[in-house]
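# Coordinate analysis (summary)
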Amino acid sequence: MLRLPVFGFYQPSTIEEATRLLAENPASTRLVAGGTDLWPNMKRRHQVAETVISLRGIAELTGIRETSDGGLAIGATTTLAAIASDLRVGESYRALATAVNSISSPLVRNSGTIGGNLCLDTRCTYYNQNEEWRRSIDYCMKEVGEICWVAPSSPRCWAVSSGDSVPILCAWGAEITLVSKDGARTLPLAELFRDDGIDYLSKRPDEILTEVRLPAPSGERAAFWKLRRRGSIDFGVLSVAAVGWCGGETTDRIEIWLGSVGSTPVRCDESIAALIGKPIDEDTIAEAAALARKGEGASPLGNTDFLPQWRGKMIEHYVAAVLREMAGLPRERLAPRHQR
Amino acid sequence: MTEEMKIKVGFGDTFRELTVRIPDGDIPPYQPGDPLDLVGTSEIRLDAVAKVTGTAEFTYDRQPKGLIYGKILRSPHANANIRSIDVSQARALEGVRAVLTTPDVFEDSTARYAGAEIAAVAADSEAIADEAVRMIEVDYEVLPFCVTIDDSMAEGAPKVGRGNQENVDRVSPRARRRRRGGEINADAEASMVARMKEREKTVDKLFAKSKGVVEGEFRTQVQTHAPLETHGVVCDWDGKNLLCYGSSQATFGFKRELGSSRGPVGAKDVRVICEYVGGGFGSKFSAGREGVLGAMLAREAGKPVRLMLDRKEEQTSAGNRPDSLQKLKMGVAADGTILAYRVRSWGTPGTGTGGAGAHNDGIYNLGEIDKVEYGVRTNCGGARAHRAPGWPQGVFALEQMMDMGAQSVGLDPIEFRKRNDDHPIRTAQYDIAREKIGWDRPRVRGGAATVCRGVGVASNLWFSAGGRGTQVMVRVHKDGQVEVRNGAQDIGTGTRTVMGMVAAEELGLPLARVRTFIGDTRDPQGPGSGGSTTIGSITPAARLAGYVAKQRLLEVVAARKNWPIDQLGLRRGHVTRSGDPVLSFDAACQLMEEDVIEVLESRKANYAGFSDTNAGVQCAEVEVDTETGEVRVIKVVAVADAGKLINPMLAESQVRGGVSQGVGYALLERRIMDSQEGRMVNPNLEMYKLLGAVDCPEIEVVLFDVYNGKSNTSVMGLGEPPIVATAAAVANAVSDAIGVRITEIPITPRKVLEALGRKGSDTGKKGE
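Because the structure is a prediction, the values reported are computed rather than measured.

Once that is clear, we can look at the interface of chain A and chain B. Contact residues are listed per partner, giving 35 residues for chain A and 36 residues for chain B. Across the chain A/chain B interface, buried area totals approximately 3,100 Å², and carbon plus sulfur atoms make up 49% of it. Of all residues in chain A, Arg230(A), Leu334(A) and Arg337(A) give up the largest surface area on contact with chain B, accounting jointly for 24% of the area buried on that side. Here chain A is connected to chain B by nine salt bridges. Where Glu132(A) meets Lys312(B), a salt bridge forms, and the shortest distance between an N and an O atom there is 2.7 Å. Counting across the interface, chain A meets chain B through 16 residue pairs in polar contact (both at pLDDT 80 or more). Of all the elements in the fold, those that place two or more residues in the side of chain A that touches chain B are helix 8 (131–136) and helix 12 (308–327) of chain A. The biggest single contributor to the side of chain A that touches chain B is helix 8 of chain A, with five residues.

What follows deals with helix 6 (residues 186–209) of chain B. Residues and elements named next belong to chain B. Taking 1.5 Å of rise per residue, 24 residues should cover 34 Å, and helix 6 covers 35 Å from first to last C-alpha, within 8% of that figure. Of the residues making up helix 6, those classed as buried are Ala188, Glu189, Met192, Met196, Val203, Leu206 and Phe207. If you follow the buried residues of helix 6, they end up packed against strand 9 (168–172), strand 10 (212–220), strand 17 (323–332), strand 18 (338–348) and strand 19 (368–376). Structurally, the start of helix 6 carries an N-cap: the backbone nitrogen of Asp187 is 3.2 Å from a side-chain oxygen of Asn185.

Residue and element names in this part refer to chain B. A sheet is described by the order of its strands in space; here five strands give the open sequence 9-19-18-17-10, paired in mixed fashion. The sheet is open, and its two edges are formed by strand 9 and strand 10, each paired on a single side. Strand-to-strand twist across the sheet, computed as the mean angle between neighbouring axes with direction ignored, equals 15°. Alignment of strand 10 against strand 17, held across nine bridges, turns out to be antiparallel. Directly across from Gly216, in strand 17, lies its bridge partner Leu328. Against the sheet, helix 6 makes contact with strand 9, strand 10, strand 17, strand 18 and strand 19, and its axis sits at roughly 130° relative to strand 18, the strand it touches most. Relative to strand 10, helix 10 (residues 391–408) is tilted by about 155°, and along the sheet it contacts strand 10, strand 17 and strand 18.

All names here are of chain B. The sheet built from seven strands is open, its strands ordered 5-7-3-15-12-13-14 with mixed pairing. Among the strands making up the open sheet, the edge pair consists of strand 5 (96–101) and strand 14 (269–273). Strand-to-strand twist of the sheet, defined as the mean angle between neighbouring strand axes without regard to direction, takes the value 20°. As judged from the six bridges shared by strand 12 (residues 232–238) and strand 13 (residues 241–246), these two strands associate in the antiparallel manner. Bridge pairing in strand 13 places Asp238 opposite Asn241. Here helix 7 (residues 251–259) sits on the sheet and contacts strand 12, strand 13 and strand 14; the angle it forms with strand 14, its principal contact strand, is near 150°. Against the sheet, helix 8 (residues 288–301) engages strand 3 (68–74), strand 5, strand 7 (117–123), strand 12, strand 13 and strand 15 (305–308), with an angle of about 135° to strand 5.

Calculation criteria
- Residues numbered from 1 in each chain as written.
- Chains lettered and ligands numbered in written order.
- Predicted model: local features only at pLDDT ≥ 70, side-chain atom pairs only at ≥ 80, totals over all residues.
- Heavy atoms only, no water.
- Contact = heavy atoms within 4.5 Å.
- Buried area = accessible area lost by both parts, 1.4 Å probe.
- Salt bridge = Lys/Arg side-chain N within 4 Å of Asp/Glu carboxyl O.
- Polar contact = N/O pair within 3.5 Å; in protein donor to acceptor, adjacent residues only side chain to side chain.
- Helix = DSSP H or I, 4+ residues; strand = E, 2+ residues; numbered from the N terminus.
- Expected span 1.5 Å × (residues − 1).
- Buried < 20%, exposed > 50% of the residue type's maximum accessible area, 1.4 Å probe, protein only.
- Pairing = 2+ DSSP bridges.
- Axes fitted to C-alpha atoms, helices over the stretch in contact; angles between N-to-C directions.

Here's what the structure looks like:
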């Protein structure tokens, strides 16, 4: 059985105390909330820490509240299960509930948190193995190794961003708050992510993600689909989220985001441009879907389950399916299990 | 000495009389209309609460005082010879209590797959053991390797074996050798080859006479057992005697193995305890090298040692179902009768060649059969028996041939099967499966839309009523307590529960009134859980022991009360006289002069029955997305018989388990080997995909209750048969949905899209 290494552990009860502890040695300290990602990673020695700070004792980090502008603010340590079953989320942000409900298994959702899902470590077939296995290939560049086994001539790491709440929250234009000893800053969630498998977050090591905020609903429609081998537990190999605002016949604004296709969530710029000002119908959907597959960043590599070529093809089918669902067109596709 | 008597056999409303010779001392089998209070009811399994609340103690939970921890060093190379092993640093590490090496213990200096055992240590903590293992220095002579069937069969392939071991060996019909493993006897081989040629000619002639001739090439993957509890032992020595807590499906097998004077352990007396085991599926008959090393580490360390495999070790080294390559040909007469059938098949059981056969020539009447089978060595972890060994892979291919044969003469697949099947039970099962799956309902099929549906059928067969060599002890105590004991294990089929049920039935007691004890070799001899024989072997002995205990108790009552014994019985917690309750069971026990009535009865030999085999038919319905290639199994109807049903709910659970594992085999599970490094790429339960609850189809189980004879409980084995048909039924359903055959499992989206692509090109050819 894999065991945790020895480390120091704190459970502060206020954000101030947590940021102060974190500031002492941010590089060798890790934050934990649900522990569904960190603990297994530490057991497999993917991540090491001299100190682990639990955020679970901080009451103000948990819970969902309405904001003054009519949106929702979700505390970083709110469990995925709590979000999926929240009535306000279900009513105004149903596609978020769908996305959150697609994560892993009920047990993990009961413990795992939204903050953890947003900060989820990037993943790769050559990385997510036990220590002995990785040692036998001399590790990879995401650890102490020299090369990327997925693309041996590549100077960078291609590990995959697979937080399933990310694409839909980006599409909705969510904002996050990062707090450190020196103060707080707010930024669009999309700016949290960097296109690098190793250094995949723009969050500084001394910062704590405290909250994610959704704008007030304004008549938008949204949909989320996720592709994976099994109907639960598995990480996605592709997730597609779309949120569209259509005042009249045509699309005023639309956001389409892909997850699990690269080291960072991908915004389908060309598909979005092709849809704005047009009605969403069979033809425009087909065009937007084809563009999504060709878009920058949407080129899956052989470092997750399934062949990358097939995953590439699926981008088109899944973007089309999500746009169809958003537009209220008939499904005509085998839907993911989480859709039922 | 046997007693000849007439019994009723059959099922449903139809029974016939059969004259059988019941062994001396046995009692007649259950008969239709027998007044049974427990047998045939769905009692909740006795250990259900212990299992779900976590109080059940598995091997991993055993913590004898002073426990230390064992760890195995495994080869990182797929094919190597061990030149030398330096354990001095590991031995010198503080907290290390014992170090052993494979060349010393097993006299084996080869490492023929990545994961082979090289050395083992025992230390005061898992962390120290881990560190010590890393300090062992091994000098390997690294050799080229083959990890796939194709690589190994290729011309000029690196040799997997040593000495004169060829990569490919004909295993059936087997070549005669001068001695075991020695040179082939040339004369015997020449006449064997001549006979094989004759057979080929006979079958060729029949193909020429056939109206329809179909051919196919099929492949199946390696499936690992993936039990929730990994293999391993906790071993504790008392002088020369060994107490072994083992994750086992053969407690007495472990005892023999670890106590054998020819084995490396050679304990004087061995007691094996396995009250609960977290799944075996055929892979836990032997203590394995891990068990031997665990025992020997404990002896050398002078402390109890726990050596349990981790998940990676479990997936690479603890057994698997071999893969297969099957080339089949079938000739069918115009009326749908199969005239001839040819099989050429290959399978990889690991570094050896035995045990990779595919049962692709059974179930139906297949006419003249010409079958040649080969074993192929690969540098991979070895096969172990896996739930119906050889059957799911063979039937996957056979059942597709059945569909193709039906098509070749324009028959409905089910009608075609019935025409070539005379099984007394299965012939009654087809129409039930057909109706329950809605076989004849209109569906969008044949690849005619983005989402298509299809149905498929497949059959299974099993052949075990259990057998001799098992004893059960029943003790009735003066205070009214009743014990039922057998030392075998329960790998999940419900042995503990049904053993209690049949004994309690004889004693006229509710199940809760008897205490059942299993999984301890100090109790009477029991079977290994193989061939689905456990319940068929144990229950007749348990019933007989219960019956004899009842007679002994009634003799006491008759004598003390002066009642005629032939008027007495036991039912519903009471002694009955002419059917009326006259004395409570407890009060009857109080009449005993001795403290206990102790009865030890043996399982008697089998006799004739309604059918020597039990049967099943499964139908699957699937949904396929023809653009993404994704497949969903919507429903599986599983019609099955297991002779007389002692506990229908437990029987149903076995069918559900088999079908679930079969659906996973059809769509998800596969061992992936890296051809560059020769390692298993997915040795964990994240990347090795087992079927999850969400992906499990609706499973409708229809059980036949067959008064079969053969033993006093008429039980037939059910653990294995349900997995036999499932993958085949699913594959046939996918073919029905997309209009083109899928010849390889697991059925992945890529294979579906490739098949659809083939169909496009086939249609193109027709157009030319």
